[in-house]
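These are the residues of each chain, in order.
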Amino acid sequence: MKSKLFFYFFCLILSLCSQLCSMELVVWNRYLGADLSGTDAFISTFYCTDSAYSSFSISSGRYDGDLFTIDSPNRTLQSAGILSEGDYTIELVASNGSSSYKRTVQLTVGPAKVCPQIATSASHTILLTRDGDVYTAGNGNNGQLGNGSLSNPNDTFTQILSPSVSLDSGDYFCRAHAGALSSCLVTRNGKAYFAGAIDTVKQTVFTLVEGAVDSKRVVQAVGGQRNQYFLCDDGTIYSRGSSADGALGDGNFAPSTSSLILIESSAPDASSGPLVGKLTIQINAAENGCLLLNSDSTLYGWGGNRDGLLGLGDTRTYNRPNQVTSGDLSGKLVNQIVSGVFTSLLYTSDGTILGSGANSEKQLALGDTTNRTTFNASSNSLFTTHPPAYIACSHEVAMMLSTTGSVIGWGNNTHSVTGGADPSVLTILDKTVTSVASGNKCALYLANDGTVIARGESGEGVTGYTSNTSSFQEVFSSMGAHQNLVNNHLEGASHVVMTQATHFSISWSSYEIDAAHLQPRL
């Protein structure tokens, strides 16, 4: 009898140990310095695989825990300001009231640096160099080149701004976005600058965005066709410009405005509306539509919805944010969202690429040319062997940078730009590519030696090359040498290395961390 009792007790202990061993605290990185456009905040979303664990706390081994704050409903961790250079020990604790589960992460903050960037629309391109200088090329008929004129197409990159132009001491440009008819820049101190179309107004030089965001830090600024969106570090979202298709997201289809409009439910003290209780961490604009991603991985869209690019299950317009719930998104943790003219792509923490909208050139990577009105998952095997780190799409061309360092292209293959309508691995002049951008039937690549390479249709000068080309051409050489960020995605070290602005490397232990995207999300 005693032996049986001992056996049952032994089995019970084994069962409990098994449950404890299978329990896991999943830390899912969202932003790490660069992705907050120089605000130097560290945001992670974290989960425990045991659903009973619903509350979280934090302690810091070296620094006062007040440096970091936790938003339990949104399950996010954020630094309480600019982190000084040094080493931080962060202990994440998940609790269900009676027991807890812990993980420790080491964080090292290094000197501030600028990560070179390429931002491309269907008709123009912005280059942001390692020195913080801004160059533009392409069509400027709405002032989007920021060169002071409504210029004819410019097929060479011309310097427009240096980091010292009208900026506070120590501030510099660290993020760029090219919209359909607009250009947006964000500085390390959270100031936004704009050139291009605001409804019917054409702004020909980069001008500071003033008004409701004066007392806030803008972390992302993106432009659509004739409107812009500004995401602040407190999660509030402002829009302005054309109200066509409900693009302002304020619940109206009119009037248009050049003033900033708060999307009410994004305010931290909002009591009603679709975004109440949400923390928005990423926005992306299409022609007249907008998608936003929250820290809990919920996705919302509004505005123009041609071909179903918002993934809401139809093609009608929406004048306020609506949650995207249909399609293959269930159970997925979204890392990045991008929108072309009428196409949207995203990738998730498990490496899945999903697409919605126009698909006439197979730009959704679904193996056919049928449009989709919900986000459908690609089953292409290349995305398994080459997991996504960053994706870009504009109109009919999609590009992906992999965690393996490879470049994958798909969609419209005019001038051999994608290597084929279905996903194909591209070799870019034997260069180590650290960022990709796609335009209308063209693509640009940033190499770690500071060069920019282009291939495809140069209509309106968007590639900075004088003509269309089916071969790779170096079009700019002064971006500044930088390390290969993607290859710094390592496992097994339980350690993070980041800089104070937009250049960082990262390595996490193998306990289910996803932080593969090592480029600024544009």
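Since the structure is predicted, the reported quantities are computational estimates derived from the model, not experimental observations.

**What to know about the overall build of the chain**
- Broken down by element type, the chain carries two helices and 38 strands.
- In the chain, 53% of the contacts between residues at least 6 apart in sequence involve partners at least 24 apart.
- Approximately 18400 Å² of the chain is accessible, and the part contributed by carbon and sulfur atoms is 47%.

**Some thoughts on the pairing of strand 16 (residues 218–223)**
- Among the six residues in strand 16, six count as buried, and that is most of the element.
- Examined bridge by bridge, strand 16 and strand 17 (residues 227–232) share five bridges and lie antiparallel to one another. Of the residues in strand 17, the one forming a bridge with glutamine 220 is leucine 231.
- From the end of strand 16 to the start of strand 17, which pair antiparallel, there are three residues.

**Quick word on the environment of valine 407**
- Position of valine 407 relative to the elements: it lies in strand 30 (residues 407–411).
- For valine 407, a relative accessible area of 2% corresponds to the buried category.
- The contact partners of valine 407, leaving out residues within four places of it in the chain, are Met399, Met400, Leu401, Ser424, Val425, Leu426, Ile428, Val433, Val436 and Tyr445.

**Focus on the environment of isoleucine 337**
- Structurally, isoleucine 337 can be placed in strand 24 (residues 334–339).
- When the C-alpha atoms of isoleucine 337 and leucine 292 are compared, they prove to be 7.9 Å apart, with 45 residues separating the residues in sequence.
- Residue contacts for isoleucine 337: discarding those within four places in its chain leaves Gln282, Asn284, Leu291, Leu292, Leu293, Leu299, Leu345 and Leu346.

**Structural notes on the sheet that holds strand 24**
- On the basis of which strands lie adjacent, the open sheet formed by four strands has the order 24-25-26-27 and antiparallel pairing. Each edge of the open sheet carries a strand with a single partner, namely strand 24 and strand 27 (372–377). Strand-to-strand twist in this sheet, taken as the mean axis angle between neighbours without regard to direction, amounts to 15°.
- The pairing of strand 26 (residues 353–357) with strand 27 spans three bridges and is classified as antiparallel. Within the sheet, the bridge partner assigned to leucine 354 lies in strand 27 and is alanine 377.

**Description of the pattern of salt bridges**
- Scanning the entire structure with this criterion turns up eight salt bridges.
- Notably, a salt bridge pairs glutamate 474 with lysine 431, separated by 3.2 Å at the nearest N-O pair. With glutamate 474 in strand 35 (residues 469–476) and lysine 431 in the loop between strand 31 (424–426) and strand 32 (433–439), the pair connects residues that are 43 residues apart, well separated along the chain.
- Using a relative accessible area of 45% as the deciding quantity, one classes glutamate 474 as partly exposed.
- The exposure class of lysine 431 is partly exposed, given its relative accessible area of 22%.

**Re the nonpolar core**
- By size, the foremost hydrophobic cluster in this structure holds 32 residues, and its most contacted members are Tyr229, Leu299, Leu329, Leu346 and Phe375.
- For this core, the secondary-structure elements that each account for two or more residues are strand 16, strand 17, strand 20 (280–285), strand 21 (289–294), strand 22 (299–303) and strand 24.
- It is strand 21 that provides the largest number of residues to this core, a total of four residues.
- The contact partners of leucine 346, leaving out residues within four places of it in the chain, are Leu299, Leu329, Val334, Gln336, Ile337, Thr352, Ile353, Leu354, Phe375 and Ile391.
- With 16 residues, the next largest nonpolar core counts Leu401, Ala443, Ala447 and Ile453 among its residues.

**Observations concerning unusual backbone geometry**
- Here the residue pair alanine 254 and proline 255 is connected by a cis peptide bond, since its omega of -5° sits within 30 degrees of zero.
- Along the chain, proline 255 falls in the loop between strand 18 (237–241) and strand 19 (257–262).
- Look at lysine 362: it is not a glycine, yet its phi comes out positive at around 65°.
- Along the chain, lysine 362 falls in the loop between strand 26 and strand 27.

**A few points about the sheet that holds strand 18**
- What the four strands build is an open sheet, ordered 16-17-18-19; its pairing is antiparallel. Here the strands that pair on one side only, and so sit at the sheet edges, are strand 16 and strand 19. On average, adjacent strands in this sheet sit at an angle of 15° to one another, irrespective of strand direction.

**Things to note about the confidence of the model for the chain**
- Mean pLDDT over the chain works out to 78, with 70% of the residues at or above the 70 mark.
- Highest mean pLDDT in the chain belongs to strand 27 (98); lowest belongs to strand 36 (residues 490–491) (25).
- Predicted confidence for residues 61–65 stays below pLDDT 50, and this span has nine contacts to residues more than four positions away or in other chains.
- The model gives residues 484–522 a pLDDT under 50, and that stretch makes 179 contacts with residues more than four places away or in other chains.

**Some thoughts on the side chain of threonine 204**
- Inspection of the secondary structure assignment puts threonine 204 in strand 15 (residues 201–208).
- On the accessibility criterion, threonine 204 (19% relative accessible area) is buried.
- Beyond its immediate sequence surroundings of up to four residues, threonine 204 is in contact with Gly143, Gly146, Asn147, Gly148, Ser149 and Leu150.

**Concerning the packing of aromatic side chains**
- Counted under the stated rule, the structure contains six aromatic pairs.
- Residues phenylalanine 173 and tyrosine 193 carry aromatic rings whose centres are separated by 5.6 Å and whose planes lie at 85° to one another, so their mutual orientation is edge-to-face. Of this pair, phenylalanine 173 sits in strand 12 (residues 173–178) while tyrosine 193 is found in strand 14 (residues 192–198), placing the two residues 20 residues apart along the sequence.
- Relative to phenylalanine 472, the ring of tyrosine 445 lies with its centre 5.8 Å away and its plane at 75°, an arrangement referred to as edge-to-face. You can see tyrosine 445 sitting in strand 33 (residues 442–447) and its partner phenylalanine 472 sitting in strand 35, a full 27 residues away along the chain.

About the cut-offs
Residues numbered from 1 in each chain as written. Predicted model: local features only at pLDDT ≥ 70, side-chain atom pairs only at ≥ 80, totals over all residues. Heavy atoms only, no water. Helix = DSSP H or I, 4+ residues; strand = E, 2+ residues; numbered from the N terminus. Contact = heavy atoms within 4.5 Å. Areas by Shrake-Rupley, 256 points an atom, 1.4 Å probe, with all protein chains shown as cover. Buried < 20%, exposed > 50% of the residue type's maximum accessible area, 1.4 Å probe, protein only. Pairing = 2+ DSSP bridges. Axes fitted to C-alpha atoms, helices over the stretch in contact; angles between N-to-C directions. Salt bridge = Lys/Arg side-chain N within 4 Å of Asp/Glu carboxyl O. Core = buried A, V, L, I, M, F, W, Y, C linked by side-chain atoms within 4.5 Å. pLDDT = per-residue confidence, 0-100. Phe/Tyr/Trp six-rings, centres within 6.5 Å; stacked < 30°, edge-to-face > 60°.

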